[in-house]
Amino acid sequence: MMTRASGTNTNYLPPGAPMIGETLSERLSNLHQVIATRHPEINRVALAIHDPDTDLLKTYVQSSAPGVEGLFRYEARLSDVPSLLRLAQTGEKRIIHDLKAELGGRPSAHSRWALDNALLSSYTVPVFNGERFVAFLFFDANQVGAFTPEVVTYLDLLGYLAAQMYLTSLLAVRTLTRTVDVVRGLTRIRDIETGHHLDRIAHYTRIITRGLSGRPGLDDEFTEHVFLFAPLHDIGKIGIPDSILQKPGRLTLEERHIMQRHVEIGVEAFDRIIADMSLSEDRAVTIMRNIIAYHHETLDGQGYPYGIGGKDIPLEARIVAVADVFDALTSERPYKRKWTNEEAFAELLAMVERGKLDAECVTSFIDNLPLIEETQLRFTEHEVLSP
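Residues numbered from 1 in each chain as written. Predicted model: local features only at pLDDT ≥ 70, side-chain atom pairs only at ≥ 80, totals over all residues. Heavy atoms only, no water.

### Here's the deal with the overall build of the chain
Rule in force here: Note on conventions: DSSP H or I runs of at least 4 residues are helices, E runs of at least 2 residues are strands, and numbering of each starts at the N terminus. Only heavy atoms matter for contacts: two residues are in contact if any of them lie within 4.5 Å across the pair. The Shrake-Rupley method, run with a 1.4 Å probe sphere, supplies the accessible areas, and residue values consider only the shown protein chains as cover.
Of regular secondary structure, the chain possesses 15 helices and six strands. Considering only intrachain contacts with a sequence separation of at least 6, the fraction spanning at least 24 residues in the chain is 66%. Counting every atom, the chain has about 17,400 Å² of accessible surface; 55% of that belongs to carbon and sulfur.

Structure follows, in structure tokens:
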């Protein structure tokens, strides 16, 4: 079902590790440890999530025993995988007692990956939020016929816990994004830089993160959070006067200083939301706050409002900065023409040379022109919004 890609695997934890982790990846790994104390043959547990808007099934979090290569940055349309589509539609679970016999005649990329990692049997459980299918939970074993009725009964109990961990995480993230999105929605009717601008930025960040490799902490959970939170980067614009936000021409120096205040306004608003919702400072909250706070910082320390530079700027903010700049350049505005992709790429590279943007993020982006063009076609502005 999935293809191989580079990335940082969630490590299998040694006995005695705590059951509470900061991220869902850590919590799943801790649960895997519990399973392995009783059934060490189960050497991988993974969760793939479904995006109903695109029908994409995407790797999200996983835990693998030593010797099993992780599987990262995979996307496939659920409708293109009939066996899994049926599980999502019916709620049935699936046991494959002999993966080699089942998959050997169909040498798909996932089949090769499974066999290369000595995954010999599997158990697949669909996860539902109410009546809506949201994810698959996969258990893989290094033995043929590992999923006996006794083992399945045990895994159904712990699988329920894994599903609840994801659903709890999903609820928290969605509550957070929807609350902040209410604020963003108010700017959508006032800001000429909305329309599909925010949709494109979200998809541009996914292009960048999927093209990066070897970055610490850059896993599928991180990619999904950046994708979800990138459109919220400018929520502070709700505090900017219409006379500036909707000005058809270029801003004066004084107006530009006022506009730059949107970052601090956004951080203040976000912190109030977190306090009011009594949310803990987990990974999702940190990523969202970093995007809001630091997406206008530059590597040379000349950005705003904090003037930090280099690696002090969180990776998620550096990713969003590239996406934001590119979309601004390639969008028509009352005061500027729409740049071509080639012109915008040249400017991104020039900004790298000037010490403004992350070179790896820019390279990861411009090396994926077909995906960029696909995003632009899907989220085309049919007209230029005016005040």
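### So, the side chain of threonine 54
Note that threonine 54 resides in the loop between β1 (42-51) and β2 (56-64). For threonine 54, the contacting residues outside a window of four places in its chain are Arg77 and Arg378.

### Things to note about helix α15 (residues 369-378)
To be explicit about the condition: Here the term buried applies to any residue with accessible area under 20% of the maximum for its type, exposed to any over 50%, and partly exposed to those in between, with areas from a 1.4 Å probe on protein chains only. Note that the arc is computed from the directions linking the helix axis to the C-beta atoms.
Regarding α15, the residues found buried are Ile372, Thr375 and Gln376. All buried residues of α15 lie within an arc of 100° about the axis, which places them on one face of the element. Exposed positions of α15 whose direction lies more than 90 degrees from the buried face are Pro370 and Leu377. Residues of α15 that are buried make contact with α6 (197-211), α12 (315-329), α13 (341-353) and α14 (359-366).

### Overview of the packing of helix α7 (residues 220-229) against helix α11 (residues 283-294)
Our working definition: Only the contacting stretch of a helix is used when fitting its axis, a line to C-alpha atoms as for every element, and angles between N-to-C directions run 0 to 180 degrees. For this classification, under 35 degrees means roughly parallel, over 145 means roughly antiparallel, 65 to 115 means roughly perpendicular, and everything else is oblique. Working rule for handedness: look at the near helix, and if it is turned counterclockwise from the far one by less than a right angle, call the crossing left-handed; if clockwise, right-handed. All residues other than Ala, Val, Leu, Ile, Met, Phe, Trp, Tyr, Cys, Pro, Asp, Glu, Lys and Arg, Gly among them, are scored as polar; the first ten of these are nonpolar and the last four charged.
At a minimum axis distance of 10 Å, the contact between α7 and α11 shows a crossing angle of 50°. Comparing the axis directions of α7 and α11 gives the class oblique. The hand of the α7/α11 crossing is right-handed. Side by side, α7 and α11 meet where Glu221, Phe222, His225, Val226 and Phe229 of the first sit next to Arg283, Ala284, Ile287, Met288 and Ile291 of the second. Within the contact of α7 with α11, the residues separate by chemical class into seven nonpolar, one polar and two charged.

### Considering the pattern of salt bridges
Here is the rule: Here a salt bridge means any side-chain nitrogen of Lys or Arg lying within 4 Å of a carboxyl oxygen belonging to Asp or Glu.
According to the stated counting rule, one finds 19 salt bridges in the structure shown. Of the charged contacts, one joins glutamate 347 and arginine 354 as a salt bridge, the two residues approaching to 3.1 Å between their closest N and O atoms. The class for arginine 354 is partly exposed, based on a relative accessible area of 46%. Via salt bridges that share partners, Asp51, Lys58, Glu75, Arg206, Arg210 and Glu224 belong to a single interconnected network.

### Describing the pairing of β1
Using the following cut-off: Any two strands with at least two DSSP bridges between them are considered paired.
Extensive coverage of β1 is indicated by the burial of ten of its ten residues. The pairing of β1 with strand β6 (residues 132-141) spans seven bridges and is classified as antiparallel. Across the sheet, residue alanine 48 finds its bridge partner in β6, namely phenylalanine 136. Here eight bridges tie β1 to β2, and the two strands are oriented antiparallel to one another.

### Re the confidence of the model for the chain
The following threshold applies: Scored between 0 and 100, pLDDT is the confidence that the predictor attaches to each residue.
In the predicted model, the chain carries a mean pLDDT of 84, and 85% of its residues have values of at least 70. Ranking the helices and strands of the chain by mean pLDDT puts α13 first, with 97, and helix α4 (residues 109-116) last, with 76. A low-confidence stretch, residues 1-21 (pLDDT under 50), is modelled with 71 contacts involving residues beyond four sequence positions or located in other chains. Per-residue pLDDT stays below 50 along residues 383-387; that stretch engages in ten contacts with residues further than four places along the chain or on separate chains.

### Overview of the packing of aromatic side chains
The cut-off we apply is this: Centres within 6.5 Å make a pair out of two Phe, Tyr or Trp rings, where for Trp the six-membered ring is used; the pair is then stacked when the planes are under 30 degrees apart, edge-to-face when over 60, and tilted otherwise. Only lysine NZ and arginine CZ atoms are considered, and such an atom sits over a ring when it is within 6 Å of the ring centre and within 35 degrees of the ring normal.
Scanning all chains against the criterion turns up twelve aromatic pairs. Their ring planes at 75° and their centres at 5.3 Å tell us that tyrosine 204 and phenylalanine 365 sit as a pair that is edge-to-face. Taken as a pair, tyrosine 204 in helix α6 and phenylalanine 365 in helix α14 lie far apart in primary sequence, 161 residues in all. The two residues tyrosine 204 and phenylalanine 365 agree in class, both being buried. Among the aromatic residues, those joined into a cluster by ring pairs are Phe128, Phe133, Phe136 and Phe138. Note that arginine 38 overlies the ring of tyrosine 154, its terminal NZ or CZ placed 4.4 Å from the centroid. Positioned over the ring face of phenylalanine 227 is arginine 206, at 3.8 Å from the centre of the ring.

### A short note on the environment of isoleucine 95
Within the secondary structure, isoleucine 95 sits in strand β4 (residues 94-96). Classification of isoleucine 95 as partly exposed rests on a relative accessible area of 35%. Separated by 44 residues in sequence, isoleucine 95 and phenylalanine 139 place their C-alpha atoms 9.6 Å apart. When neighbours within four sequence positions are excluded, isoleucine 95 is seen to be in contact with Ser122, Tyr123, Phe147 and Val152.

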